[in-house]
Amino acid sequence: MWLSEQFAERREAASSGFGKVTIGADRSAVLAAGREQRLLPVISPGGYCWLPRPDQRVLVLEDGGPCVAGAVQPDTDLSPGDVLIHAGTASIRLSTDGTVRITGRVYVNGTAMGGGDGD
């Protein structure tokens, strides 16, 4: 048991490329290049926080240490310049024409919006 715990805590060298998340967290584990790489930090664009989910296909970069740099985007109907933030069935879409679309239950300071009770 001690040996497996020591192995799990080691940060292993990686090469750049795609991999599949085996443990989703802020220090993720990714199966890439035929082996699992553990304790990889997750890098996100400024102002955006994200944690990968298990089985998600991600990009692993090597630059002084491996890190998870992002996930492969799903197919969308976005136009150039649009931004989509999504998690499960909730989403916020910002369009270059100034439109903001919010899907899901919306709360402002704990109060449900849209006339519903949020349940």
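Because the structure is predicted, anything quoted here is derived from the model rather than measured.

Visitor: Explanation requested: the overall build of the protein chain in the structure shown.
Guide: Helix and strand counts for the protein chain stand at one helix and 10 strands. Counting helices and strands in the order they occur from the N terminus, the protein chain gives α-β-β-β-β-β-β-β-β-β-β. A burial count over the protein chain gives 24% of its 119 residues as buried. Summarising the internal contacts of the protein chain: among those between residues at least 6 apart in sequence, 38% fall at separations of at least 24. Entry remark: accessible area of the protein chain is about 8400 Å², with carbon and sulfur atoms responsible for 55%.

Visitor: Got a minute to help me understand the sheet that holds strand E4 (residues 57-62) in this structure?
Guide: Spatially, five strands are ordered E3-E2-E1-E4-E5 in an open sheet, and the strand pairing comes out antiparallel. Bordering the open sheet on either side are strand E3 (35-41) and strand E5 (66-71), each of which pairs with just one other strand. Pairs of neighbouring strands in the sheet enclose a mean axial angle of 45°, with direction left out of account. Direction of pairing for E4 relative to E5: antiparallel, over a ladder of five bridges. What sits directly across from Val60, in E5, is Val68.

Definitions and cut-offs
Residues numbered from 1 in each chain as written. Predicted model: local features only at pLDDT ≥ 70, side-chain atom pairs only at ≥ 80, totals over all residues. Heavy atoms only, no water. Helix = DSSP H or I, 4+ residues; strand = E, 2+ residues; numbered from the N terminus. Buried < 20%, exposed > 50% of the residue type's maximum accessible area, 1.4 Å probe, protein only. Contact = heavy atoms within 4.5 Å. Areas by Shrake-Rupley, 256 points an atom, 1.4 Å probe, with all protein chains shown as cover. Pairing = 2+ DSSP bridges. Axes fitted to C-alpha atoms, helices over the stretch in contact; angles between N-to-C directions.

In short, the description is geometric, and any link to function would need to be established separately.
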